[in-house]
Structure formats: structure tokens, C-alpha cells
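Listed below are the residues making up each chain.
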Amino acid sequence: MYNNIQTYSSTSRLLIDCLDKEKNKIQKVQENPPVYQLATKAAADRCLDILRRFPDWHTGFVGFDTETTVYRQKDPQVVSMIQIATRELCFLFQVFRITKINNTKFPPLLQEILTNQDIKKVGVNASGDANWIKKSYGFEMRGMVDLEKIAQQKGYAARSLRELTRMFGDPGLVLEKSRKILKWNFDAVKLDLEVIRYASSDAFAGIQVYESILKDRINEEYLNYEKRYPMSMKEEDDEIYSLILESHPKGVNTRTKTIANSIENHYQRWFKTKPKTDDRHKAALNVIGRFIEDGRLIKVLGNTDSNSDEQNEMKKISSISMIRLPGVPFNKILKDFGKEFFESKGLPQQDSEFMTEISSYCLKAIKKESLAKNIANNSKITSLDRKNRDAVIAKLNELNRKGALMSGQKNNTLLLHPDWVNGLEDGYEKFKLTHDVEDERVENETSKEGDSDNENLEGRWEQNEQTYEPWQDITTFDPSDVWGNKD
């Protein structure tokens, strides 16, 4: 919720006095900061007429947002409410209630504000809201400013209004997002206090973020995250490396930019300590450089320039096109040792062959339906007598009960049991001592395999991951889950 305003500008004070004198027509639903609900055409017209008498009621830009009553059976996609805010007060125009789908009743002075190019309407996805207004009420807005586009142009990773408000909003303004919004009635004559706060806070946030982001004025509390939760470089590196291990296969040539992108886009701590994308990209390359130096990553393709100043070091790391994690590719472990391992766990021969064929698909949690589809459409999987959907699902459920597969955090997801992954890797080391296996090194593999395997890593990430919400508050994360894959 927005903090109370202690002092108002002279214009706002006079404007508020004028609005409050019309209390029989203009309903004030929140005292501080002032919020006015305009539920009738008469109230809206009177309010807008007062605004016209104060040409400097805004500073050239206003916070802007819309709300729609989702569950409304009649005209469910017509915009319910338009919120307009200055720094010091907010207006909630209930345009659906005012017009009753008769566009001729749309308040003309409100339309004048919305179509005025010189009054900038700022908000996250303001252009998208403008499109809904056009579909709902038949006129084209002008002067929209999309805050997420400004953030992108300035190199900030934040895109949601909630995260931008954390970075650039006034202290005390907290956007409380909830699924309860799906049940709220924005057309009601009497709005609940929670609805009023929700709707007005979004509009207040828009103008605050706009003023601060133009000056790159990030909240001190946001910037102090690193001081409040300090970590050494070694601690960060160890944490990042464990996440790389969870996300990329061992022994497989991987594009350097793929691993760099994974680090900069998914390591949650850096969204707080390095809010700009360029800073995270440079830090990711530096981490990769340190991992190459200490042997935690192996350079496959790239130059050998030994210049050590920072700029040349960055270029040197960037020029390394392919790297890999040390170790044996998991597919090779499955090929050489999988059937023997699964049989040692008590699975019958057919199940052992099936697990050998499918385990690489489910190292991370994957939807059961997606896994079944992959299996049914893969001609290389030959261990099942029948490969229709029902037969595959039945087999997956059976292996889930036997403990070979385990249920993921999300409903209807499966993954290879982590203990079995560790057992395969550890057992393979002993297996190599007594068996003649081919050298697992892949330096001489053609880049074709590396490219084909790794171009799709980002897609595999999206396919296999648990739900990832990049703008969750990092302070709510379990330290063991810093990728943000938990519910």
C-alpha cells in the first residue's frame, strides 16, 4: 500500500478541496492518498470539468492502468475501470458501469485525456491496455508509454510492474498481486477497500516508476541487497556452478553463450545485485573464465590469446565458442552401463531396457504427457511391445511406483530419481575399471553434434523445468533452490 502523503503541492491541495466540495456527486473512497471513484456519468463529467479548471493538474504524464471484471457473463472482455493517477491522487473511472455498453455515454473529457498525445499515459503494457479500450469503446488512445520498453532500452531486466516498483517506486508502495483478482467485481457500486487499494496502487506505481527510471534512480533498499545478504565471490561461484551442473549435461560440448545466458537469466541473486542485463552478462563471462581456469569447465573451441587486462580478458572469453563440463556424457553412461545398473536395482529385463532408452529425457521434471508423447514418437525406443499413449502412460506409472521414476513438484510431472542418477554416475566409474570402454572425451567430436545438442538447450529448459517466476522476491527462495524452480 502507498504511504500517506504528508504534504501536497499547492495545485493538488486546491484540486482536492474542489473535489471534496462535490462529495454528494464525487465519491472519495480513500482519504490518503486521495482516491476518487467515478461510478456515474454525472460524477465523471463533474470530476473532469473540475480537472479542466486546473490545467496543471498533471505534469505532462499520468499513471495509467485498466481493470476488467473477469467473471462477468455479459461482455466479459469489456474494460470495467480506467485508473488515472498523479503523484498525489487517483481517479477510478468505472467506464463499463457508466456506459452500459453505449459508447456515446463514454465521458468525452476522459476520452480527450486518453487521446491527447501531450498527456503521456505511463504503465506496464500501456499499449496493450489501450488496445482493449479500443476494442471496448471504439476509439484509439494516443500518448502511451510502456515502462517495460523503457526498462529494456536502459538495460534493466525487470519487466513486471511489481518488480519495477521494487526497483523504482516510492518506499512503502507494495503491489499485492493475488489470484483473488479473478473474483473481484470492478463494476460494483461499493468497491471493497482491497479492490480500491489494488487498482489505485497500480496507477500510482506507474508514475513513480516513470519518474525514477528516467533518472536511473534505483531505491536504496533495493541496491543494498548485497550489503544485507553478503556473499563472497567463492560462495557465489560455488552456487552458480551447482546450478550449471543441474542444468547442463556433463561431457557434452555446449555453446559458451548458452551457459552464459543460463547464468545471467536464471541466477536469482544477480537480479538484485546486478539489475542491468549488461552487468550480469559481463559477470557471467567472468565466472565462466574462472571456471575454465580452475578446471570446472573445459574449453573446447576458441583462441589462446593470453592477454590479461580486463577488456581483452572479456574478449578472450567471448571468443571461446564451445565449452563443456568435465565428466562422461550421460547418454554414454546409459549406453554402456544403463541396462546392467537398472537390472541391479531389481527391474526386469524389459523395464531395464526401457529405462535405458528414456532416462535422458527425464533428468529434469517433465510433464508425463510430454514424456509419453516423446516416447511414442521416437522410433529408437524399441523395448515396449506397444507404444500407444495408454500403454506408455501405464508403463511410466508402473516405474513411478517401483521408484525408478519419481513425481516432480508439479502435478503430473516425472523425473529420473536423483539417487539413481548418482548411482549411474558412481557405478560407471567402477564399471570402467573392469570393462573395455571407449574414451569418453569429446574434443575431437565434430561441432555438428555439439551444435545440434545445444541449440535446443534453452528449449529443453523450458520444456523440463518446474514453473519459474523470474520476479519472485528472492528473499522468499529456499537457498537450495536459487533457480526459482519451486512453487
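In the nomenclature of an unreviewed UniProt entry, the chain corresponds to 3'-5' exonuclease from the organism Rhizophagus irregularis. Under the heading Subcellular location (unreviewed entry), UniProt records this for the chain: "Nucleus".

**Some points on the overall build of the chain**
On a plain count of helices and strands, the chain comes out with 22 helices and 13 strands. Put simply, the chain has 487 residues, and 49% of those count as buried. Within the chain, contacts between residues separated by at least 24 positions form 68% of all contacts whose residues are at least 6 apart in sequence. Surface summary for the chain: the accessible area is close to 24,400 Å², and the carbon and sulfur share equals 47%.

**Re the nonpolar core**
One broad trend across soluble globular proteins is that nonpolar side chains are buried collectively. Counting residues in hydrophobic clusters, the biggest one holds 39 residues, and the most contacted among them are Ile82, Phe91 and Phe93. The greatest single-element share of this core, amounting to 6 residues, is contributed by helix H2 (residues 41–52). One finds Phe341, Leu347, Ile381 and Phe431 within the second-largest nonpolar core, a separate group that totals 31 residues.

**A word on the environment of Trp270**
Mapping Trp270 onto the fold places it in helix H13 (residues 268–273). With 34 residues separating them along the chain, Trp270 and Glu236 place their C-alpha atoms 9.8 Å apart. When residues no more than four places from it in sequence are discounted, the contact partners of Trp270 are Glu236, Ile240, Ile263, Pro275, Arg280, Ala283, Ala284 and Val287. Within the structure, the side chain of Trp270 is placed 3.2 Å from the side chain of Glu236, a separation counted as a polar contact.

**As for the sheet that holds strand S11 (residues 366–367)**
What links the strands of a sheet is backbone hydrogen bonding, and the strands pair in either a parallel or an antiparallel sense. Taken in spatial order, the 3 strands make up an open sheet running S11-S13-S12, and their pairing is antiparallel. One side of each edge strand has no neighbouring strand; the edge strands of this open sheet are S11 and strand S12 (405–407). Helix H19 (residues 389–402) rests against S12 and strand S13 (413–416) of the sheet, and its axis sits at about 90 degrees to S12.

**Looking at the packing of aromatic side chains**
Evaluation of the coordinates by the stated rule reveals 18 aromatic pairs. On the numbers, 5.2 Å between centres and 70 degrees between planes, the contact of Trp184 with Tyr198 is edge-to-face. With a gap of 14 residues between them, Trp184 in the loop between helix H7 (161–168) and helix H8 (193–214) and Tyr198 in helix H8 connect regions that are remote in the sequence. On the basis of relative accessibility, which here comes to 12%, the residue Tyr198 falls in the buried class. Centroid distance Tyr241 to Phe291: 5.2 Å. Interplanar angle 75 degrees. Geometry classified as edge-to-face. Taken together, the residues span a long stretch of sequence, with Tyr241 in helix H11 (residues 233–247) and Phe291 in helix H14 (residues 277–294) at a distance of 50 residues. Classification of Tyr241 by relative accessible area gives buried; the value is 14%.

**Side note on the sheet that holds strand S9 (residues 298–301)**
Strand order in the open sheet made by the 3 strands is S8-S10-S9, with antiparallel pairing throughout. Taken across any chain shown, the strands that pair with only one partner, and hence form the sheet edges, are strand S8 (254–255) and S9. With 3 bridges joining them, S9 and strand S10 (residues 322–324) adopt antiparallel strand pairing. Looking across to S10, one finds that Lys299 is bridged to Ile323.

**Quick notes on H14**
The end-to-end C-alpha separation of H14 is 26 Å, in line with the 26 Å expected for 18 residues at 1.5 Å each. Of all the residues in H14, the buried ones are Arg280, Ala283, Ala284, Leu285, Val287, Ile288, Gly289 and Phe291. Gly295 sits one or two residues past H14 and shows a positive phi near 90 degrees.

**Things to note about the pattern of salt bridges**
As enumerated under the stated definition, the model contains 29 salt bridges in all. A salt bridge links Lys28 to Asp20; the nearest nitrogen and oxygen atoms lie 3.1 Å apart. Under the relative-accessibility criterion, Lys28 is labelled partly exposed at 25%. With its nearest N and O atoms 2.8 Å apart, the salt bridge here joins Asp45 to Lys41. Placement of both Asp45 and Lys41 in helix H2 is noted, with a separation of 4 residues, approximately one turn of the helix. What you see here is one network of salt bridges that share partners, running through Lys234, Asp238, Asp294 and Arg296.

**Section: the packing of helix H1 (residues 10–21) against H2**
In contact at an axis separation of 10 Å, H1 and H2 are set at 150 degrees when each is read in the N-to-C sense. As far as their axial angle goes, H2 and H1 are roughly antiparallel. H1 and H2 meet at a crossing whose hand is right-handed. Contact residues: H1 offers Leu15, Cys18 and Leu19, while H2 offers Cys47, Ile50 and Leu51. Broken down by class, the residue content of the contact of H1 with H2 amounts to 6 nonpolar, no polar and no charged.

**Details of the side chain of Ser80**
Mapped onto the fold, Ser80 is located in the loop between strand S3 (61–67) and strand S4 (81–85). Within the structure, Ser80 has its side chain in polar contact with the backbone nitrogen of Thr69 (distance 2.9 Å).

Rules behind the numbers
- Residues numbered from 1 in each chain as written.
- Predicted model: local features only at pLDDT ≥ 70, side-chain atom pairs only at ≥ 80, totals over all residues.
- Heavy atoms only, no water.
- UniProt positions renumbered as here; feature names shortened; annotations may be inferred.
- Helix = DSSP H or I, 4+ residues; strand = E, 2+ residues; numbered from the N terminus.
- Buried < 20%, exposed > 50% of the residue type's maximum accessible area, 1.4 Å probe, protein only.
- Contact = heavy atoms within 4.5 Å.
- Areas by Shrake-Rupley, 256 points an atom, 1.4 Å probe, with all protein chains shown as cover.
- Core = buried A, V, L, I, M, F, W, Y, C linked by side-chain atoms within 4.5 Å.
- Polar contact = N/O pair within 3.5 Å; in protein donor to acceptor, adjacent residues only side chain to side chain.
- Pairing = 2+ DSSP bridges.
- Axes fitted to C-alpha atoms, helices over the stretch in contact; angles between N-to-C directions.
- Phe/Tyr/Trp six-rings, centres within 6.5 Å; stacked < 30°, edge-to-face > 60°.
- Expected span 1.5 Å × (residues − 1).
- Salt bridge = Lys/Arg side-chain N within 4 Å of Asp/Glu carboxyl O.
- Parallel < 35°, antiparallel > 145°, perpendicular 65-115°, else oblique.
- Left-handed = near helix turned anticlockwise from the far one by under 90°.
- Nonpolar A, V, L, I, M, F, W, Y, C, P; charged D, E, K, R; others polar.

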